[in-house]
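What the coordinates show
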Amino acid sequence: TLRELLGPYVDDVTGASMFSSLSMSFFTCFRCLVAGDCTLPDGRPLILTIASSTGAIFSVAYYFAVVFMTFGLFNVIASIFVDNILAAAKCNDLRLKQTRLTNQKMFADKALKLVELVCMELAKEGMLPANLTANGCLNLNAFNVEELMRIRITPAFFQSLISLTAFQEILRELDISDEEQMDLFETLDGDNGGTLDMEELVEGIAKLRGDARRSDIVGVSLMVRNLQASM
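To keep things clear, this report deals only with the structure shown in the data block. (Residues numbered from 1 in each chain as written. Predicted model: local features only at pLDDT ≥ 70, side-chain atom pairs only at ≥ 80, totals over all residues. Heavy atoms only, no water.)

Here we look at a nonpolar patch on the surface
Together, Phe 27, Phe 30, Val 34, Phe 68, Leu 73, Phe 74 and Ile 77 line one region of the surface with nonpolar side chains, adding up to about 660 Å² of accessible area. Elements with a minimum of two residues in the nonpolar patch: helix H2 (22-35) and helix H4 (56-102). Among the elements that make up the nonpolar patch, the one with the highest residue count is H4 (four residues). Mapped onto the fold, Phe 74 is located in helix H4. (Patch = residues over 30% accessible without salt bridge, like charges linked within 9 Å, V, L, I, M, F, W, Y side chains within 5 Å. Areas by Shrake-Rupley, 256 points an atom, 1.4 Å probe, with all protein chains shown as cover. Salt bridge = Lys/Arg side-chain N within 4 Å of Asp/Glu carboxyl O. Helix = DSSP H or I, 4+ residues; strand = E, 2+ residues; numbered from the N terminus.)

Brief notes about the packing of helix H3 (residues 46-54) against H4
Put simply, H3 and H4 touch, their axes get as near as 6 Å, and they point 140 degrees apart. Judged by the inter-axis angle, H3 sits oblique to H4. Contacts between H3 and H4 involve Ile 47, Ile 50, Ala 51 and Thr 54 on the former and, on the latter, Ala 56, Ile 57, Phe 58, Ser 59 and Tyr 62. Split by residue class, the contact of H3 with H4 holds seven nonpolar, two polar and no charged. (Axes fitted to C-alpha atoms, helices over the stretch in contact; angles between N-to-C directions. Parallel < 35°, antiparallel > 145°, perpendicular 65-115°, else oblique. Contact = heavy atoms within 4.5 Å. Nonpolar A, V, L, I, M, F, W, Y, C, P; charged D, E, K, R; others polar.)

Things to note about the packing of aromatic side chains
Applying the stated criterion across every chain yields a total of two aromatic pairs. For the pair Phe 158 and Phe 167, a centre-to-centre distance of 6.0 Å together with 85 degrees between the ring planes defines the contact as edge-to-face. Three or more aromatic residues link up through ring pairs in this structure, and these residues are Phe 158, Phe 167 and Phe 185. (Phe/Tyr/Trp six-rings, centres within 6.5 Å; stacked < 30°, edge-to-face > 60°.)

Some points on the pattern of salt bridges
Counted under the stated rule, the structure contains four salt bridges. Salt-bridge contacts for Lys 105 lead to Asp 109; the nearest nitrogen and oxygen are separated by 3.2 Å. Here the residue Lys 105 and the residue Asp 109 both occupy positions in helix H5 (residues 104-124), the gap between them amounting to four residues, near one helical turn. When its relative accessible area of 60% is taken as the criterion, Lys 105 is described as exposed. The exposure class assigned to Asp 109 is partly exposed, which follows from its relative accessible area of 37%. Residue Glu 173 pairs with Lys 110 through a salt bridge whose shortest N-O separation is 2.5 Å. Remark: Lys 110 occurs in helix H5 and Glu 173 occurs in helix H8 (residues 165-173); sequence separation between them is 63 residues. Taking relative accessible area as the criterion, Lys 110 reaches 16% and is therefore assigned buried. (Buried < 20%, exposed > 50% of the residue type's maximum accessible area, 1.4 Å probe, protein only.)

Now the structure itself:
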């Protein structure tokens, strides 16, 4: 179309030499619209040369072509690239989360830190037996399973634990979201006894990790059915 509009190539006053063949026309369009190099061999701007020869028709067509390439096609390509990057990042996060949820050693280490933090705070508050503390500090050598099972966590003390940054960080590392931390005591107090022991704390956090699964919903449904059958 531009060859017919510009006329035959004679002295290249109109820039027709840049459209002398089909392949040259495609190459010139690529240079102008994509690469941004839109000049004649002698350095004159091709667009101004053609516009001065053809008038407003070419100027309007070129304007819409540039707008389409700049705000249309390039933005579509960029959005597809960004969507792929975000999808890959989300997939990687899910894979890492699944790895954390299946890593029993990591959970055991974090649970141990959690229990140690609880005991340290209990020692600071003077809520541990005398044989478990030494000069107001935690005596780890005196601890055993029986002593840990005797520890009771009250709602008021649990609220002070939740306010600790270290406690919150351990819960986040165990994939307990901030939203679930707000009413965590009521969630962990399964027997509605008003206090928590260490077993309820650790086992409850282990069950809260990750997203809700179909097995959790089925398990609750079976428990409710058994309760109804026993009444």
